[in-house]
Amino acid sequence: MNDIGNSPSARDIESVIHPYTNLDLHRRKGPMIIEKGKGVLVWDDEGSEYIEGMAGLWCASFGFGEEELIDAAVEQMRKLPFYHQFGHKSSMPSIDLAEKLLEIAPDGMSKVFFANSGSEANDSQVKLQWYVNNALGRPQKKKILARIKGYHGVTVAAASLTGLPANHAEFDLPIANIGHVDMAYPYRGMEPGETEEEYSDRLARQLEERILAEGPDTVAAFIAEPVCGAGGVLVPPAGYFPKIQAVLKKYDIMMIADEVICGFGRTGNMWGSQTYGIEPDTLSCAKQLSSAYLPISAVMVNDRVHDAMIEQSKKIGTFAHGFTYSAHPVCAAVALRTMQLMEERKILDHVREVAPVMQGRMQKLADHPLVGNVRGVGLVGAIELVKDKATKEAFDPKAMVGFNCAEFALKHGLITRAMGDSLGFCPPLIITESEINEMFDRFEKALEDTERWIKAELG
Ligand code: PLP
């Protein structure tokens, strides 16, 4: 019996702190409780069905209920439910997974360090830059440049890399030695008459000016997502990363690719780095690494970084970093099975086959009066709503147009994500053509509701 005082909703309100939630509003609105999932669908506790248009948080690449991954977890759980990697210990799933990752990695990656989340991976990246530059005898080379609107996580160093105001405000972040440069955001960043290549040239020049202003011998690394996800699915303009990397190479600054969203097929290649010509020195990945069935992330490094880490171990006696659950055998076994399934089921081919359907359905909305910009690649994209299509004027953020559009989408059985007034789409990679069409049929209904609501409420 669900009397209100004891309903799951009331119990949630009285007991759970929700990440990325307006905690005050939550006390009145309560939770949406998801009870089960199958394929690209999830159901809430009232039995309503939703297409998970965001694969959860850009992560459940095999959708919900993939038996092969469940079996891999159960089997490993029975055999060895936990072991760690400290002090020379190892277990087979971590060895198999590291080898597999290096086999599919972008060129140059040499060794793998395991952690449990994208944030931990990126926090480790920051520490590694400091550690390695000390080993390389350049203790002043410590600054890491990230991008405004970039998203790299929430732990202290990772949140500092993140370039979103809410992640810094009142948390006393960013920490020292972390700076931000402009995001590549063609819709709002390009000047009239400028080509994408010219825009990329300008951003590369700006980066170089910033490096010179900081002092090149103080800048250790630059971190970027191939496609900026949580900042609004911002797809880089033509030529962007090769031009940026030419500047980095000139000043011996390392390139850290944050592949936490793009890794494992999202952009139509195994890595976003391959789609956009990035040659990373180090790389972070997580999320689709295990189809998000269990938490696991990885940092991959090239020989130069690894050699310097060995030097530090010779000096200090240990590599004093790592987590109790680094390469947890059950998580590693599920990740390994995920990687195998990607090959067995030819997921990259599938993404390339259905991506044009998704990108085409989004482009069809480009003429809609509310839609300012449509952007995407592979199976990730966003539709940016604007007040004035001609001038690109945005809605007042207080009107929460994007948030309301996402709420209308829920009523029509679709989970999308509002990033400001940009609505994101990042479905499970296994989505079929007909499911993509159903997803956008539902979204179009939400857009109609949004238009009616704007007319009624905002005039
Ligand atoms: N990096 C990127 C690009 C991400 O999108 C995210 C999460 O969305 C993170 C890092 C942080 O990952 P986590 O939430 O697993 O800590």
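Residues numbered from 1 in each chain as written. Predicted model: local features only at pLDDT ≥ 70, side-chain atom pairs only at ≥ 80, totals over all residues. Heavy atoms only, no water.

## Details of the nonpolar core
Taken as a class, soluble globular proteins show a tendency for nonpolar side chains to be buried jointly. Counting residues in each nonpolar core, the largest one holds 65 residues, and the members touching the most others are Leu-97, Leu-101, Phe-264, Leu-289, Leu-385, Phe-425 and Phe-443. Per element, the largest residue contribution to this core is nine residues, and it comes from helix α14 (residues 329-344). When we break this core down by domain, the ones giving at least three residues each are domain 1 (32-65 + 346-457) and domain 2 (68-344). If we ignore the near neighbours within four places in the chain, the residues touching Leu-101 are Val-112, Phe-114, Phe-264, Leu-289, Ala-298, Met-300 and Met-339. Listed in part, the 41 residues of the second largest apolar core include Met-183, Leu-207, Val-219 and Cys-228. (Core = buried A, V, L, I, M, F, W, Y, C linked by side-chain atoms within 4.5 Å. Buried < 20%, exposed > 50% of the residue type's maximum accessible area, 1.4 Å probe, protein only. Helix = DSSP H or I, 4+ residues; strand = E, 2+ residues; numbered from the N terminus. Domains from an automatic or database assignment. Contact = heavy atoms within 4.5 Å.)

## Side note on the domain arrangement of the protein
When the domains of the protein are assigned, the result is domain 1 (32-65 + 346-457) and domain 2 (68-344). When domain 1 packs against domain 2, close to 2600 Å² is buried across both sides, 59% of that on carbon and sulfur atoms. For the domain 1 face of the interface with domain 2, the top three residues by lost area are Trp-58, Phe-62 and Lys-392, together amounting to 23%. Where domain 1 packs against domain 2, one counts one salt bridge. One salt bridge connects Arg-188 with Glu-384, and the closest N-O pair in it is separated by 2.9 Å. At the surface where domain 1 touches domain 2, the tally comes to 18 residue pairs in polar contact (both at pLDDT 80 or more). Those elements that place two or more of their residues in the side of domain 1 that touches domain 2 are α3 (55-58), α15 (347-363), β11 (371-377), β12 (380-385) and β14 (417-419). At five residues, the largest contribution of residues to the side of domain 1 that touches domain 2 is made by β11. Among the residues forming the side of domain 1 that touches domain 2, the class breakdown is 21 nonpolar, nine polar and six charged. (Buried area = accessible area lost by both parts, 1.4 Å probe. Salt bridge = Lys/Arg side-chain N within 4 Å of Asp/Glu carboxyl O. Polar contact = N/O pair within 3.5 Å; in protein donor to acceptor, adjacent residues only side chain to side chain. Nonpolar A, V, L, I, M, F, W, Y, C, P; charged D, E, K, R; others polar.)

## Some details on the sheet that holds strand β1 (residues 34-38)
Sheet architecture is open: four strands sit in the order β1-β2-β3-β13, paired in mixed fashion. The open sheet terminates on both sides in strands that have one partner only, identified here as β1 and β13 (414-415). Judged from the three bridges that link them, strand β2 (residues 41-44) and strand β3 (residues 49-52) form a sheet pairing that is antiparallel. In the strand pairing of β3, Val-42 is matched with Tyr-50. Lying over the sheet, helix α17 (residues 433-458) contacts β3 and β13, oriented at roughly 110° with respect to β3. (Pairing = 2+ DSSP bridges. Axes fitted to C-alpha atoms, helices over the stretch in contact; angles between N-to-C directions.)

## Side note on the site of the ligand
For the ligand, the full set of nearby residues is Ser-117, Gly-118, Ser-119, Asn-122, Tyr-151, His-152, Gly-153, Glu-225, Asp-258, Val-260, Ile-261 and Lys-287. Separating an oxygen atom of the ligand from a side-chain N or O atom of Ser-119 is a distance of 2.5 Å. Here a nitrogen atom of the ligand sits 2.8 Å away from a polar atom, N or O, in the side chain of Asp-258. Within the complex, the protein chains bury 83% of what would otherwise be the 390 Å² of accessible surface of the ligand. The element that contributes the greatest number of residues to the shell around the ligand is helix α6 (residues 118-135), accounting for three residues. In terms of residue class, the shell around the ligand is built from three nonpolar, six polar and three charged. (Near = heavy atom within 4 Å. Areas by Shrake-Rupley, 256 points an atom, 1.4 Å probe, with all protein chains shown as cover.)

## Some points on a nonpolar patch on the surface
Taken together, the side chains of Phe-82, Tyr-83 and Tyr-325 make up a nonpolar region of the molecular surface, amounting to roughly 290 Å² of accessible area. Turning to its location among the elements, Tyr-325 is positioned in the loop between α13 (303-316) and α14. Under the relative-accessibility criterion, Tyr-325 is labelled partly exposed at 48%. (Patch = residues over 30% accessible without salt bridge, like charges linked within 9 Å, V, L, I, M, F, W, Y side chains within 5 Å.)

## Comments concerning the pattern of salt bridges
One pass over the full model with this rule turns up 28 salt bridges. A salt bridge links Arg-202 to Glu-191; the shortest N-O distance between them is 3.7 Å. Pair noted here: Arg-202 is in helix α10 (residues 196-214) and Glu-191 is in the loop between α9 (186-189) and α10, with a separation of eleven residues, a long-range link. For Glu-191, a relative accessible area of 44% puts it in the partly exposed group. Between Glu-444 and Arg-361 there is a salt bridge; the shortest N-O distance is 3.1 Å. Linking Glu-444 in helix α17 with Arg-361 in helix α15, this pair joins segments that are 83 residues apart in sequence. By relative accessible area, Arg-361 is classed as buried at 10%. One continuous salt-bridge network, built from bridges that share partners, spans Glu-49, Glu-438 and Arg-442.

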